[in-house]
Amino acid sequence: METPAVGGRANQKWRTRTAIVQAAAELAGTGGEVTMPEVAKAARVSEATAYRYFPDLASLLAEAIADQLPLPGQALAHVGESADVVERVAVATDYLMRHILARQGAVRAMIAATVVRPGEVATRPGLRFGLIDQALAPLAAHPRGLDARALAQLKRDLSVVMSAEALFTLTDLVGLDPEAAVASAVHTATVLTRAAVVNGGGVQG
C-alpha cells in the first residue's frame, strides 16, 4: 500500500535528520573541532547523506546548537534584581565568553563559514545581543542621563567586545590563556559601560 510506504520513508528521513542534528549538537558540546565528516561519522551516515539534509556545516550547526542557547534572563538570573549595569555587563560578558569556550569548535566553524559567505551571517546565533539588552535593561527603563543615541552607541561598543571574534583575538593572537582572555573581555566591557554611565553622554565611537 502506498500510504504506509510513504509514511515509512518520511519517518526514516526524520530519524536520519534527527540523528545528524543530535550528532552535531553532541560534538559542539565537546568544544572540539566540528566538521561535516565527523558529524556524519557520529550519526552513522555517509557525508553525502549529511549534505543532502544540510547544504553546509553552518546551517546544520545553527539548528544543532539552537537548544543549547539560554534565555538572556536565565543567564543573568542571579543579578536579575540588580540595577548596577556595570555588574550586570560583567556577568553577561563572563557568561558569554565561557559559553563560547565550551563550544568553540562549533563557533569557529560558523565564523569561518560567514567570513567566506557574509550573506549567511544570519545563521549565526545572536546570543550576545540578547545578553547586552538584558544587562542594560535598567538603563533603558531609567536612562540616568543616557539618551537613546548614547545607549545605542554603548550597545554597539559592547557588541564588539562581547563576541567570539574578540575572545579568539585574545587567545589566538594575543596569546592569553582562556581565563585571562575572559577576564580581559570582562574588564573592557565594564570599562566601556562605566564610562558611558559616568559621562552620561555615552562612549563615542
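Everything here concerns the structure above.
Residues numbered from 1 in each chain as written. Predicted model: local features only at pLDDT ≥ 70, side-chain atom pairs only at ≥ 80, totals over all residues. Heavy atoms only, no water.

Enquirer: Could you give me a rundown of helix H10 (residues 148-161), with the residues and numbers involved?
Expert: In this model, H10 (14 residues) spans 20 Å end to end at C-alpha, consistent with the 20 Å of a helix rising 1.5 Å per residue. Contacts from the buried residues of H10 go to helix H6 (85-102), helix H8 (127-135), helix H9 (137-141), helix H11 (164-173) and helix H12 (178-199). (Helix = DSSP H or I, 4+ residues; strand = E, 2+ residues; numbered from the N terminus. Expected span 1.5 Å × (residues − 1). Contact = heavy atoms within 4.5 Å.)

Enquirer: How would you summarise unusual backbone geometry if you had to cite specific residues and measurements?
Expert: In this model, Arg44 sits at a positive phi of 60°, which is unusual for a non-glycine residue. When its relative accessible area of 80% is taken as the criterion, Arg44 is described as exposed. (Buried < 20%, exposed > 50% of the residue type's maximum accessible area, 1.4 Å probe, protein only.)

Enquirer: Break down the packing of aromatic side chains for me, with residues and values.
Expert: Think of a pair of aromatic rings as described by two things: how far the centres are apart, and how the planes are tilted against each other in angle. Tallied over the full model, the rule gives 0 aromatic pairs. The cationic tip of Arg108 hangs over the ring face of Phe168; the distance from NZ or CZ to the ring centre is 3.9 Å. (Phe/Tyr/Trp six-rings, centres within 6.5 Å; stacked < 30°, edge-to-face > 60°. Lys NZ or Arg CZ within 6 Å of the ring centre and 35° of its normal.)

Enquirer: Please give an account of the pattern of salt bridges that cites residues and values.
Expert: The tally for this structure, following the rule as stated, stands at 6 salt bridges. Residue Glu179 pairs with Arg98 through a salt bridge whose shortest N-O separation is 2.8 Å. Residue Glu179 is found in helix H12, and its partner Arg98 is found in helix H6; the two are separated by 81 residues along the sequence. Classification of Arg98 as partly exposed rests on a relative accessible area of 35%. Between Glu165 and Arg128 there is a salt bridge whose closest N-O contact spans 3.7 Å. Taken together, the positions of Glu165 in helix H11 and Arg128 in helix H8 put the pair 37 residues apart, joining distant regions of the chain. Classification of Glu165 by relative accessible area gives partly exposed; the value is 33%. Among the charged side chains, a network of salt bridges with common partners joins Asp94, Arg98 and Glu179. (Salt bridge = Lys/Arg side-chain N within 4 Å of Asp/Glu carboxyl O.)

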